[in-house]
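A structural walkthrough
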Amino acid sequence: MGNSKARVISDPLLHVAILLDGNGRWAAARGLARSEGHRAGVAAVRRIVRAAPDLGIGTLTLYAFSSNNWERPAPEVCALLALLEDFLRNGAAEFEAERIRLRVIGRRDRIPRSLLEAIEFAERKTAAGRRMDLRIALDYSSRDAILRAACWMISSLEVTEREFARRLGQVTNGGTPAPDVDLLIRTGGERRLSDFMLWECAYAELFFTPRMWPEFDAADLEAAVEDYLGRERRFGRLPETAAAS
Ligand code: IPE
Ligand code: IPE
Ligand code: MG
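Residues numbered from 1 in each chain as written. Chains lettered and ligands numbered in written order. Predicted model: local features only at pLDDT ≥ 70, side-chain atom pairs only at ≥ 80, totals over all residues. Heavy atoms only, no water.

A separate point is the pattern of salt bridges. Overall, the coordinates contain 25 salt bridges when judged by the stated rule. Notably, a salt bridge pairs R131 with E98, separated by 3.1 Å at the nearest N-O pair. Remark: E98 occurs in the loop between α4 (74-97) and β3 (100-105) and R131 occurs in the loop between α5 (113-125) and β4 (132-140); sequence separation between them is 33 residues. Across the pair D227 and R231 runs a salt bridge, and its minimum N-O distance is 2.7 Å. A relative accessible area of 33% means that D227 is categorised as partly exposed. Judged by relative accessible area, which is 27%, R231 ranks as partly exposed. Beyond isolated ion pairs, a larger network of salt bridges with shared partners links D21, R25, R186, E190 and R192. (Salt bridge = Lys/Arg side-chain N within 4 Å of Asp/Glu carboxyl O. Helix = DSSP H or I, 4+ residues; strand = E, 2+ residues; numbered from the N terminus. Buried < 20%, exposed > 50% of the residue type's maximum accessible area, 1.4 Å probe, protein only.)

This part takes up the sheet that holds β4. Backbone hydrogen bonds are what pair the strands of a sheet, in a parallel or an antiparallel way. Across the sheet, six strands lie side by side as β3-β4-β2-β1-β5-β6; this open sheet has parallel pairing. Each of the sheet's edge strands pairs with one partner strand only, and the pair in question is β3 and β6 (205-208). Between one strand and the next, the sheet's axes are offset by a mean angle of 20 degrees, whatever the strand orientation. Looking at chain direction, strand β1 (residues 14-19) and strand β2 (residues 57-66) are connected through six bridges and run parallel. Across the sheet, L14 pairs through a bridge with I57, a residue of β2. Sitting on the sheet, α4 touches β2, β3 and β4, and the angle it makes with β3 is about 155 degrees. (Pairing = 2+ DSSP bridges. Axes fitted to C-alpha atoms, helices over the stretch in contact; angles between N-to-C directions. Contact = heavy atoms within 4.5 Å.)

With that settled, consider the site of ligand 2. Neighbouring ligand 2 are L19, L20, D21, Y63, A64, F65, S66, N69, R72, R186, R192 and S194. Taking D21, its side chain carries an N or O atom lying 3.2 Å from an oxygen atom of ligand 2. In the environment of ligand 2, an oxygen atom lies 3.2 Å from a nitrogen or oxygen atom belonging to the side chain of R72. When ligand 2 sits alone it has 390 Å² of accessible area, and the protein chains cover 77% of it. In terms of residues, the shell around ligand 2 owes the most to one element, β2, which gives four residues. Broken down by class, the residue content of the shell around ligand 2 amounts to five nonpolar, three polar and four charged. (Near = heavy atom within 4 Å. Polar contact = N/O pair within 3.5 Å; in protein donor to acceptor, adjacent residues only side chain to side chain. Areas by Shrake-Rupley, 256 points an atom, 1.4 Å probe, with all protein chains shown as cover. Nonpolar A, V, L, I, M, F, W, Y, C, P; charged D, E, K, R; others polar.)

Time to look at helix α8 (residues 218-229). Over its 12 residues, α8 extends 16 Å from the first C-alpha to the last, a length consistent with the 16 Å expected when each residue adds 1.5 Å. Every buried residue belonging to α8 is among A218, D220, L221, E222, A224, V225 and Y228, and all of these are buried. Sitting at the amino-terminal end of α8 is D217, which places a side-chain oxygen 3.1 Å from the backbone nitrogen of A219. (Expected span 1.5 Å × (residues − 1).)

Between its first and last C-alpha, α4 extends 35 Å over 24 residues, near the 34 Å set by a 1.5 Å rise per residue. Along α4, the sharpest change in direction is near 45 degrees and occurs at G91. Of the positions making up α4, those classed as buried are E76, V77, L80, L81, L83, L84, E85, F87, L88, G91, A92 and F95. R99 lies just past α4 and shows a positive phi near 60 degrees. (Bend = angle between axes of the 7 residues up to and from the residue.)

Shape is all these values report; function is a separate question.
Here is the structure:
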């Protein structure tokens, strides 16, 4: 990948968001339990996080557990949360060494205590990282976040998009607002947003791949970024004025 990496570096750095989907189907196709799919999914997360900074990605947001995922059977929810906890506890040192700042976005009030502690541990340990922002969306619902930011807005007279975005960043615990999403990737073959960053993806380029998340690797991420770099973003304008701004 050596030479091709340099080709895909983008300036400014990109915000890439990934809906990592297909763990369960990947496991079922191999006669494995769904939890084994999630285990393989965590390994894929590690690979992708390692590869991302060298691909010009400044912010990487991964959708790990949606607020609607609580509706899954309790054993699957428990397995998922346990895997996430291990990921945070075991990954923190590596992320710190790689200068990756990890933050968890989403609700915190329904997260089990031990996972909460792992989140706080990983966030503290990696706080100084400036090479890439890694955001893990956990108990995340974009509608819930927008609604909570909108409730705040009711008490303010005039609100700009920028102020609203800042508030949205605060209500999802991400602190400062993330830049708008440049590229949204969904693995697993489905073509929907499933309540993921509806505001931040207003002008995101969408990339859907049939690849199941446990199989997604650095080369797939690079191919998605290259595809993105070949697109023309117009933001509602005509091509020449969009390019000039
Ligand atoms: C994605 O894989 C991980 C989460 C949503 C937590 P799924 O568990 O949704 O896998 P499929 O879609 O059933 O294959
Ligand atoms: C979306 O995947 C949520 C995450 C990737 C965490 P789902 O598998 O839960 O989404 P739907 O149910 O297919 O829309
Ligand atoms: Mg799914």
